[in-house]
Amino acid sequence: MVSRYQGGSNGPFLCGKQTTFEGGVRELTLAWWPAHIKPGQVSHQVGSMMDIFSTVLDLTDIKPPQDRIIDGMSLVPVLINATVTNRPIFHYRGNTLMAVRVGLYKAHLWTWSNSWQEFNMGIDFCRGESVDNVTTHEQVNHTSQPLLFHLGRDPGERYMIHSNIQEYKMIMPAIVKTIEQHLAHLVPGEPQFNWCDSAVQNWSPPGCEKLNKCLPVPASKPYKCTWPH
């Protein structure tokens with residue numbers, strides 16, 4: 001989704017996909033399971049794509065693997081009993097920890113929308129949106145003094161809580177401790193999505209022959225991807 005333009009609207013949230021602002025990471029989730037999930041209930045549980053694996057294992061009564069760390073948690077208690085678990089969410093771009101959400105607070109360790117080179121080519125992940133010192137086109141390091149927002153009062157991440165304000169001084173130490181604990185126990189994994197192959201693209205989807213739009217499939221030549229975002 002590109003904010004404010006093609007692909008729909010990100011509503012009040014900042015920027016779009018590829019970024020770690022709320023417009024790039026936040027989506028609602030709908031669940032339907034008659035006789036199990038109570039109709040009409042709303043949960044404010046913060047989830048992650050990583051939770052899908054743990055949730056499916058729980059639903060199918062399969063024990064998770066014991067030879068690795070499983071980052072996600074089962075959302076079955078949320079779906080069935082409307083239980084809410086307070087847990088941090090860590091937002092990465094590549095191998096860089098960009099931001100962390102703890103409760104309704106979100107701290108940005110780095111800010112970056114996309115490069116000036118891409119922006120000058122017409123590629124803009126924050127179309128129609130600009131927040132000074134936040135939607136930066138340089139990769140700006142804030143790890144020594146993270147930018148802090150309260151997503152309940154400011155879901156659009158437009159009004160940062162400045163470091164000289166008492167609220168910042170009260171909240172930030174706990175967030176920094178959460179980050180330190182996360183990084184101390186982080187086990188780097190082998191990249192699984194850094195290979196590209198033009199042959200796997202959908203060159204000839206079903207029905208293309210009716211439109212005379214089928215394309216020849218090139219030979220498979222896997223190569224390491226580069227991902228500038």
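Right above here is the structure, for reference.
About the thresholds
- Residues numbered from 1 in each chain as written.
- Predicted model: local features only at pLDDT ≥ 70, side-chain atom pairs only at ≥ 80, totals over all residues.
- Heavy atoms only, no water.
- Buried < 20%, exposed > 50% of the residue type's maximum accessible area, 1.4 Å probe, protein only.
- Helix = DSSP H or I, 4+ residues; strand = E, 2+ residues; numbered from the N terminus.
- Arc of directions from axis to C-beta.
- Contact = heavy atoms within 4.5 Å.
- Core = buried A, V, L, I, M, F, W, Y, C linked by side-chain atoms within 4.5 Å.
- Pairing = 2+ DSSP bridges.
- Axes fitted to C-alpha atoms, helices over the stretch in contact; angles between N-to-C directions.
- Expected span 1.5 Å × (residues − 1).
- Bend = angle between axes of the 7 residues up to and from the residue.

How should I be thinking about helix α2 (residues 50–59) in this particular structure?
Quick reminder: α-helices carry 3.6 residues per turn. Residues three or four places apart thus point the same way. Among all positions of α2, only D51, S54, T55 and L57 are buried. With its buried residues spanning 160° around the axis, α2 presents them on a single face. Buried residues along α2 sit in contact with α3 (76–81). D61 occupies a position one or two residues after α2 and carries a positive phi of about 60°.

Please explain the nonpolar core as it appears in this structure.
In globular proteins that are soluble, nonpolar side chains generally tend to be buried together. One finds L97, V100, Y105, A107, L109, L148, I161, Y168, M172, I175 and I179 forming the largest nonpolar core, which totals 11 residues. Of all the elements in the fold, those that place two or more residues in this core are β2 (96–102), β3 (105–108) and α5 (166–184). By residue number, the principal contributor to this core is α5, which donates four residues. If we skip the residues at most four places from it in the chain, I175 touches V100, V102, Y105, A107 and L148. Among the nonpolar cores identified, the runner-up in size contains eight residues, and C15, F21, V134 and F149 belong to it.

I tried to follow the sheet that holds β3 on my own but got confused; where do I start?
One key point about sheets: their strands pair by backbone hydrogen bonds, in either a parallel or an antiparallel sense. If you walk across this open sheet you meet the four strands as β1-β2-β3-β6, and the pairing is antiparallel. The open sheet terminates on both sides in strands that have one partner only, identified here as β1 (89–93) and β6 (147–150). Between one strand axis and the next, the sheet turns through 20° on average, direction left out of account. By the bridge criterion, four bridges tie β3 to β6 in an arrangement that is antiparallel. Within β6, the position partnered with H108 by the bridge is L147. Against the sheet, α5 touches β1, β2, β3 and β6, its axis set at about 125° to β2.

Honestly, α5 in this entry has me stumped. Any pointers?
Compared with the 27 Å implied by 1.5 Å per residue over 19 residues, the 28 Å span of α5 between its first and last C-alpha is a close match. M172 marks where α5 bends most, by close to 30°; the proline P173 follows one to four residues later. When we look at burial in α5, the residues that qualify are Y168, M172, I175, T178, I179 and H182. Those residues of α5 that are buried lie in contact with β1, β2, β3 and β6.

Honestly, the pairing of β3 in this entry has me stumped. Any pointers?
Here is the key point about a regular strand: its side chains alternate between the two faces of the sheet. Side chains Y105 and A107 of β3 all project onto a buried face; the interleaved residues K106 and H108 project onto the opposite face, where all are buried too. The pairing of β2 with β3 spans four bridges and is classified as antiparallel. Residue V102 lies in a different strand from β3, and its bridge partner there is Y105. Hairpin geometry of β2 and β3 is characterised by an intervening segment of two residues between the two adjacent antiparallel strands and by a positive phi of about 65° at G103.

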